[in-house]
Every structure is written in C-alpha cells, then in structure tokens.
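# Structural overview for review
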Amino acid sequence: MGVAFKGYDPFVERLLLAGADPNRTNLAGQTALMIAAMFGHGAIVDRLLAAGADPLMVDAAGNGALSVAIGQGNDLMVARLNGHCATLAGSR
C-alpha cells in the first residue's frame, strides 16, 4: 500500500474498503503502518489500525512501526502507537 508513503488518505480508505490487507508487506517486510509511521501520517496510521493493521509486526531489519517512529524522533506518533499497543496488550 504505497499510498501510505505519500500520505494519500482517500486512496488508503478506498484500498481498505476494496479489501486490501493492511498487514501486507513489501520486499523489505515493511507494512503500510510502518511507512505511515515513518512519515508521520497520523490519519493513515489511525485508519490502518482501525482496519486491523498489526502494530507488533517487524520488517526484515527487525523494525516495527513504533521503533520507526522513535527513530524519526516523532513523539506524537510514538505516543499514538504506544497507546494502541497498550490497548492491544490489555485485550490479549
């Protein structure tokens, strides 16, 4: 879901409504959630999480959405993902 890279919210919505898998990976093992987190696209991160994107997945280098956000120094994205991971952990 390369549209996460560019921040094209309406296209993300259309793809998800058409049945796109929010956990599909590219050749490096990155998900749309990781890419959206990397570039600070909060609305896309929220939509992907609502569609079932797994924030605990890691890419081929061992990075997940949270570690990518930390690496970018994006405190707002870190807080958003931490909140979702905490909610997810509490429900398991």
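Anything mentioned here points back to the structure above.
Reading guide: rules and limits
Residues numbered from 1 in each chain as written. Predicted model: local features only at pLDDT ≥ 70, side-chain atom pairs only at ≥ 80, totals over all residues. Heavy atoms only, no water. Helix = DSSP H or I, 4+ residues; strand = E, 2+ residues; numbered from the N terminus. Buried < 20%, exposed > 50% of the residue type's maximum accessible area, 1.4 Å probe, protein only. Contact = heavy atoms within 4.5 Å. Areas by Shrake-Rupley, 256 points an atom, 1.4 Å probe, with all protein chains shown as cover. Axes fitted to C-alpha atoms, helices over the stretch in contact; angles between N-to-C directions. Parallel < 35°, antiparallel > 145°, perpendicular 65-115°, else oblique. Nonpolar A, V, L, I, M, F, W, Y, C, P; charged D, E, K, R; others polar. Arc of directions from axis to C-beta. Core = buried A, V, L, I, M, F, W, Y, C linked by side-chain atoms within 4.5 Å. Salt bridge = Lys/Arg side-chain N within 4 Å of Asp/Glu carboxyl O.

### Details of the overall build of the protein chain
A tally of regular secondary structure across the protein chain gives six helices and zero strands. When its helices and strands are written in sequence order, the protein chain yields α-α-α-α-α-α. Looking at the protein chain as a whole, 34% of its 92 residues are labelled buried. The contacts in the protein chain between residues at least 6 apart in sequence include a share of 62% that link residues at least 24 apart. Entry remark: accessible area of the protein chain is about 5100 Å², with carbon and sulfur atoms responsible for 57%.

### Focus: the environment of G71
Relative to the helices and strands, G71 resides in helix α5 (residues 65-71). In this structure G71 comes out as exposed when scored by relative accessible area, which is 64%. Counting along the chain gives 33 residues from G71 to M38, while the straight-line C-alpha distance between them is 8.3 Å.

### Re the packing of helix α2 (residues 9-17) against helix α4 (residues 42-50)
Two numbers describe how α2 lies on α4: the axes approach to 10 Å, and their chain directions differ by 10 degrees. In terms of orientation, α2 and α4 fall into the roughly parallel class. Contacts between α2 and α4 involve D9, V12, E13, L16 and L17 from the former and A43, I44, R47 and L48 from the latter. Of the residues in the contact of α2 with α4, the class split is six nonpolar, no polar and three charged.

### Digging into α4
Turning to α4, its buried residues are G42, I44, V45, L48 and L49. On an axial view of α4, the arc spanned by its buried residues comes to 160 degrees, and they lie on one face. Backbone geometry just downstream of α4 places G52 in the positive-phi region, at approximately 100 degrees.

### A look at the nonpolar core
Core analysis: the largest hydrophobic core is formed by 17 residues, its most contacted members being L33, A37, V45, L48, A65, M77 and L81. Looking at this core, the elements that each hand over two or more residues are α2, α3 (32-38), α4, α5 and α6 (75-90). Here this core takes five residues from α3, the largest share from any one element. With residues up to four places along the chain from it excluded, the contact list for L81 reads L33, A37, V45, L49, A65, L66 and A69.

### Looking at the pattern of salt bridges
Counted by the stated rule, this structure contains two salt bridges. Between R80 and D46 there is a salt bridge, with the nearest N and O atoms lying 2.8 Å from each other. Here R80, found in helix α6, pairs with D46, found in helix α4; they are 34 residues apart in sequence, far enough to count as distant. The class for D46 is partly exposed, based on a relative accessible area of 35%.

Functional significance is not addressed by these values, which are geometric in nature.
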